[in-house]
Amino acid sequence: MSGFLASLDPRRVQWGAAWYAMHSRILRTKPVESMLEGTGATTAHGTKLAQVLTTVDLISLGVGSCVGTGMYVVSGLVAKEMAGPGVIVSFIIAAVASILSGVCYAEFGVRVPKTTGSAYTYSYVTVGEFVAFFIGWNLILEYLIGTAAGASALSSMFDSLTNHTISRWMVDSVGTLNGLGKGEQSYPDLLALVIAIVVTIIVALGVKNSVGFNNVLNVLNLAVWVFIMIAGFFFISGKHWAGGQFLPHGWSGVMQGAATCFYAFIGFDIIATTGEEAKNPNTSIPYAITASLVICLTAYVSVSMILTLMVPYYAIDTESPLMEMFVAHGFYAAKFVVAIGSVAGLTVSLLGSLFPMPRVIYAMAGDGLLFRFLAHVSSYTETPVVACIVSGFLAALLSLLVSLRDLIEMMSIGTLLAYTLVSVCVLLLRYQPESDIDGFVKFLSEEHTKKKEGILADCEKEVCSPMSEGEEFSGPATNTCGAKNLPSLGDNEMLIGKSDKSTYNVNHPNYGTVDMTTGIEADESENIYLIKLKKLIGPRYYTMRIQLGLPGKMDRPTAATGHTVTVCVLLLFILMFIFCSFIIFGSDYISEKSWWAILLVVLMVLLISALVFVILQQPENPKKLPYMAPCLPFVPAFAMLVNIYLMLKLSTITWIRFAVWCFVDQRKHIHHQLCIHHQE
């Protein structure tokens, strides 16, 4: 013991070496290739997860995790208190903002397909271990609170349907707890505990069982939606939209409603946690994310139309709007049909919160950032059963003891932070030079460059050397050393033979740099947006590119341009944070048209635009993927702006709780790294 204490003597600790070791660890990135299929990455977790999920299954998971609360709660709340019938426009605006983050998630789902962990893994391969641990810890918080909130909401729904018989029995038989719940006293919610345990068992029994249960509930939800559309059609009246009632609070109410409606689309990131369990994640993940957002938008808009055409916006019941809108017209039987849909919607939302939580824990434990036993995968169920049990137990305990009215917003802040970071990661990766194996932080080393030069030299020697005696010419010369899969060196290089599509797959180190159908460099095939832009501008297109300093087709990113983009993205994040803070907290000065406030806003907008333009001037990585976020850098930059704005709209107490959670998180990670260094 005395020897251990002596080793901690400040005079004997080599602080420089310790700091360097910890610094290198917290900034290290995870190689993308280590997670691709066939590289043996799954051996770190033992048994592999079952690869059984189809595109339809992923769409069902995405829709189920979003549509429950959005359709049955948010639509009525926003319509009555914020936007009136303009809630339809609010949902459309929120959907566009969600799709901006969705396309960034979709690109990473293709870039790092065979993995769980969602934004945690994406940040690990891009930014580094420190940020990855930070995001993973907050994702766990998000899913934990979401699961507990879903169980509590479902318990309240059953209590409401039984005319509060359950709550009265709980208070009389079990008693109350001081300081918890809606008032000063509340009962321990045993029903929520049971609900959380049952859903945990379903998730732990296997992905097929949980997805099958999810699909059944979604079919039931779909049937109720069809019923609402058909039955509601007989009670609609256009007078509720006439006479300026469509936008009773103007466009400000619509925008305020859009900020609230955005939370109804939160949940599609569940799809990104299923990469290791999807049959074909390269195509399934981007299609499922896009389709789930479109389906949710369709459901929200159609239900909002029926709701605001059946009942005046000021008479909408905010607690259960869809049930009460039929009661207002005397159709009492419809109330119970909608109640069945509400129960199904809340249950599937609960499943959508619990399903990804053990997978994030599993990914972090497999990387050594949490206890290793949490990465155990059952050979019978092929699920991370230990992580499922632990996460379900914690969520059940939280739903039993704690009222979640003030904690609900913490679920949103974790998600919005993850969305922001994924957008940042897309910006960083697309402008970094191609690496050997370690992501964008480790650029092409000198040895790797020499190795490629050696391969090219060997290829030239073999192509130019005379054929040995006895060999007969049997057709055009073929490149036997694989140079056809190397990036083009320019116009002087001739590619010999056609691309071998059978051996050119996602595991190849140059995956994406060569077009698999033509055998030529992928950058030679222009995307549809660029073609339309050329047709629109005409011959002046190339002149404008030169005048604006935009990169040419053959320009490639270097370490210097990659560093420029990294600095610009960091400054962009800081400037957007300041800009959104001033827009929210200095709105009074802006509305009063104070000259300094207007000048400051204009100056920050110009600075943000300048940073985006500087990023636009840097050459992109030529690597092409089956799906890529369009219109860089504008789409990720706007997604960052929207997510930061919505984060800052949350309450002060939410930020305080979030800061405490993050402090515990980072203290734990730094202690973990120091312990590793001391052991070494």
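Cut-offs used in this document
Position labels on residues start from 1 in each chain and follow its written sequence. For a predicted model such as this one, the threshold for reporting local features is a pLDDT of at least 70, and the threshold for listing and counting side-chain atom pairs is 80 or more; totals across whole chains, interfaces and linings nevertheless cover every residue. Derived side-chain values reflect all non-hydrogen atoms in the structure, with water molecules and hydrogen atoms excluded from consideration. Each helix is a run of H or I in the DSSP string that is no shorter than four residues. Each strand is a run of E no shorter than two, and both are numbered from the N terminus. The contact criterion used is simple: two residues touch if any of their non-hydrogen atoms lie within 4.5 Å. Here a polar contact is recorded for every N or O atom pair within 3.5 Å, except that within protein the pair must consist of a potential hydrogen donor and a potential acceptor, and residues adjacent in sequence are included only if both atoms are side-chain atoms. UniProt positions are given in the numbering used here, feature names are shortened, and annotations may be inferred rather than shown by experiment. Working convention: axes come from line fits to C-alpha atoms, limited for helices to the stretch in contact. Angles between N-to-C directions cover 0 to 180 degrees. What sets the label is the angle itself: under 35 degrees gives roughly parallel, over 145 gives roughly antiparallel, 65 to 115 gives roughly perpendicular, and the rest give oblique. Each crossing gets its handedness from the near helix: less than a right angle anticlockwise from the far helix is left-handed, clockwise is right-handed. Whenever a carboxyl oxygen of Asp or Glu lies within 4 Å of a side-chain nitrogen of Lys or Arg, that contact is scored as a salt bridge. We call a residue buried when its accessible area falls under 20% of the maximum for its residue type, exposed when it is over 50%, and partly exposed in between, using a 1.4 Å probe and counting protein chains only. Paired rings are identified among Phe, Tyr and Trp, the last through its six-membered ring, by centres lying within 6.5 Å, and are further divided according to the angle between planes into stacked (under 30 degrees), edge-to-face (over 60) and tilted (the rest).

In the nomenclature of an unreviewed UniProt entry, the protein is known as Probable cationic amino acid transporter isoform X2 of Camelus ferus.

Chemist: Provide a residue-level description of the environment of Glu 620, including the pertinent values.
Modeler: Note that Glu 620 resides in the loop between helix H22 (595-616) and helix H23 (634-648). C-alpha separation for the pair Glu 620 and Thr 561, spaced 59 residues apart in sequence, amounts to 9.4 Å. In contact with Glu 620, other than residues within four places in its own chain, are Arg 430, Tyr 431, Asp 555, Pro 557 and Leu 632. A distance of 3.4 Å separates polar atoms of two side chains, one belonging to Glu 620 and the other to Arg 430.

Chemist: Lay out the UniProt feature "domain: Cationic amino acid transporter C-terminal" (unreviewed entry) in the protein with the relevant residues and their values.
Modeler: Under the UniProt annotation, "domain: Cationic amino acid transporter C-terminal" (unreviewed entry) lies at residues 627-664. Between the C-alpha atoms that bound residues 627-664 the distance is 37 Å, and the span itself is 74% helix and 0% strand.

Chemist: Quick rundown of the packing of helix H8 (residues 190-204) against helix H15 (residues 385-401)? Include the residues and the values.
Modeler: The N-to-C vectors of H8 and H15 enclose an angle of 165°; their axes lie 8 Å apart at closest approach. In terms of their interaxial angle, H8 and H15 are classed as roughly antiparallel. The crossing of H8 and H15 is right-handed. Of H15, the residues touching H8 (which contributes Leu 190, Ala 192, Leu 193, Ala 196, Ile 197, Thr 200, Val 203 and Ala 204) are Val 385, Cys 388, Ile 389, Gly 392, Ala 396, Leu 397, Ser 399 and Leu 400.

Chemist: Help me get a handle on the pattern of salt bridges, residues and values and all.
Modeler: Following the criterion strictly, the structure yields six salt bridges and no others. Put simply, Arg 111 and Glu 107 hold a salt bridge, and the shortest N to O gap is 2.7 Å. With a gap of four residues between them, Arg 111 and Glu 107 both fall in helix H4 (residues 87-111), about one helical turn apart. For the residue pair Arg 111 and Glu 107, the accessibility class agrees, reading buried in each case. Of the charged contacts in the structure, one is a salt bridge between Glu 620 and Arg 430, with a shortest N-O distance of 3.4 Å. Of this pair, Glu 620 sits in the loop between H22 and H23 while Arg 430 sits in helix H16 (residues 408-430), placing them 190 residues apart in sequence.

Chemist: Describe the environment of Pro 356, naming the residues involved and giving the relevant values.
Modeler: Its location among the elements puts Pro 356 in the loop between helix H13 (332-354) and helix H14 (357-366). Using a relative accessible area of 0% as the deciding quantity, one classes Pro 356 as buried. In this structure the C-alpha to C-alpha distance between Pro 356 and Val 203, which are 153 residues apart in sequence, comes to 9.8 Å. For Pro 356, the residues in contact, after removing those within four places along its chain, are Tyr 143, Ile 270, Thr 273 and Leu 351.

Chemist: Please set out the packing of aromatic side chains residue by residue, giving values where relevant.
Modeler: Evaluation of the coordinates by the stated rule reveals 21 aromatic pairs. Judged by centre distance (4.7 Å) and plane angle (15°), the ring pair of Phe 108 and Tyr 122 falls under stacked. In this pair, Phe 108 sits in helix H4 while Tyr 122 sits in helix H5 (residues 119-126), placing the two residues 14 residues apart along the sequence. Since its relative accessible area comes to 0%, Phe 108 is described here as buried. Its relative accessible area of 1% is what places Tyr 122 among the buried residues. Both rings, one in Phe 262 and one in Tyr 419, keep their centres 6.5 Å apart while their planes meet at 75°; by these two values the pair is edge-to-face.

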